[in-house]
Structure formats: C-alpha cells, structure tokens
Amino acid sequence: FSVCRNGGVILARGGLITKTERRILASAVSCCDVRITPIARLLRRSAVYLQAGGFSGDDLPLMVYKRGAEDQLQKLMPEFQFSRSGFAPLRGRSLVQFLWLPGGAFLFAAALTGVSAWVMPQVAPLLALPTVLLAIGTLVSLEGFFTENVRRGPGRTLELSYSRFLTRHRVCVFS
C-alpha cells in the first residue's frame, strides 16, 4: 500500500489479491476520520479514512500512520491538524450517561460468566470472551467521557472526537 499527493490529487494504491487504485481530488475532501481501535492502540498505529463529495472510503483505509506522526497527514492535506489538548471540559457531563449501556452489558455478562463458572464450568470460557470485549468497550466509553468534544481548529477546520463501542473516532472536518 502506498499513498502520495501529486498536485491537487491524492493517489492511493495497494492490495494483495485485488489491486486497487484511488484518485481523490484534494480540494473535494470534506473530512478525515482517524479511527483508533484496540489493535491500533497495541500497534501504536491509526487508520485514516477520507470522505470526498459522494465518495466514502469506509471499506479500505487511505493509510495507516504512526501515532504522533501527524506530519504525514499534513503532507497529504495541509489543512489537517488536531488540537494538542485531548481532554474535554467535564462541567455538565454525566458519567452515568456514558457508562450505563456498556457498563450494564458488562455487569450482565460478568454475572452470567460467574454463574456459569459455578453451575456449568465448561461453558464459562465461552462467556469470558464477550465479557472481556464488553470490559474493553466500557473502558473506551470511560475514555470518551474525558475526551469526546467538538472543537474549532485552526483555519476552517472542525474537530470531532467520539467513541463507538471499541473504536475511538477523531474526525477533522474541512469547510
């Protein structure tokens, strides 16, 4: 996989079995979505997805970059910039609103796992995997309590930060 910018066009090539080539007009890019998954946290890499006009590249990321190396993205899109302050103001936020769904599901799965370990020990390992995934989802929601925000960026950009189950999204909207 490779990505480069030639004049006003972003060119992305790659693929193992099926070769793909995408040409995206840089002036038509409306937003850049950086997705941070649990695997991306372990590898210290983040996947970047672009939207330009009617094009939504949700099937294949444009590129994967190392955390802290935002200059690679700025070479492709000079307007791109995330703010350094990652924390949102906590005034007016409810921790219960962020944690009731993932926390409740985690507690339910943990209770099921505990009961199955006591009643049917052979089923407990099967229930442990969803319990671990729900625990990770609860931690991501807790992180969202501190980081979810909308900020005005430099120039004409808008930065959104939100969490969805196991994935944290940082979106830079160009206007």
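An account of the accompanying structure is given in this report. Predicted model only: the values in this text are computed from it and were never measured.

Conventions we followed
Residues numbered from 1 in each chain as written. Predicted model: local features only at pLDDT ≥ 70, side-chain atom pairs only at ≥ 80, totals over all residues. Heavy atoms only, no water. Helix = DSSP H or I, 4+ residues; strand = E, 2+ residues; numbered from the N terminus. Rg over C-alpha atoms; globule rule 2.2 N^0.38 Å. Buried < 20%, exposed > 50% of the residue type's maximum accessible area, 1.4 Å probe, protein only. Contact = heavy atoms within 4.5 Å. Areas by Shrake-Rupley, 256 points an atom, 1.4 Å probe, with all protein chains shown as cover. Pairing = 2+ DSSP bridges. Axes fitted to C-alpha atoms, helices over the stretch in contact; angles between N-to-C directions. Salt bridge = Lys/Arg side-chain N within 4 Å of Asp/Glu carboxyl O.

## Quick notes on the overall build of the protein chain
Turning to step 1, where the next piece is worked out: Across its full length, the protein chain carries four helices and 10 strands.
Turning to step 2, where the next piece is worked out: Compactness check: the protein chain gives a C-alpha radius of gyration of 20 Å against a globular reference of 16 Å for 175 residues, more than 25% above the reference.
Turning to step 3, where the next piece is worked out: In the protein chain, buried positions account for 37% of the 175 residues.
Turning to step 4, where the next piece is worked out: The contacts of the protein chain with a sequence gap of at least 6 include a subset with a gap of at least 24, amounting to 48%.
Turning to step 5, where the next piece is worked out: With an accessible surface of roughly 11,000 Å², the protein chain has 64% of that area assigned to carbon and sulfur atoms.

## Focus: the sheet that holds strand S3 (residues 20–25)
Turning to step 1, where the next piece is worked out: The antiparallel open sheet is built from three strands, whose spatial order is S1-S2-S3. Of all strands in the sheet, those bounded by a partner on one side alone are strand S1 (2–6) and S3. Sheet twist, expressed as the average angle between the axes of neighbouring strands with direction ignored, equals 15 degrees.
Turning to step 2, where the next piece is worked out: Bridging between S1 and strand S2 (residues 9–14) involves five bridges; their strand directions are antiparallel. In the sheet register, Arg 5 faces S2, and the bridge partner there is Ile 10.

## Digging into the pattern of salt bridges
Turning to step 1, where the next piece is worked out: Considering all chains together, one arrives at seven salt bridges under this definition.
Turning to step 2, where the next piece is worked out: Close ionic contact of Arg 168 with Glu 143 constitutes a salt bridge, the shortest N to O distance being 3.7 Å. Taken as a pair, Arg 168 in strand S10 (residues 167–174) and Glu 143 in helix H4 (residues 124–147) lie far apart in primary sequence, 25 residues in all.
Turning to step 3, where the next piece is worked out: For Arg 168, a relative accessible area of 11% translates into the label buried.
Turning to step 4, where the next piece is worked out: Overall, the relative accessible area of 22% leaves Glu 143 in the partly exposed class.
Turning to step 5, where the next piece is worked out: Connected through shared salt-bridge partners, Arg 13, Glu 21 and Arg 23 make up one network.

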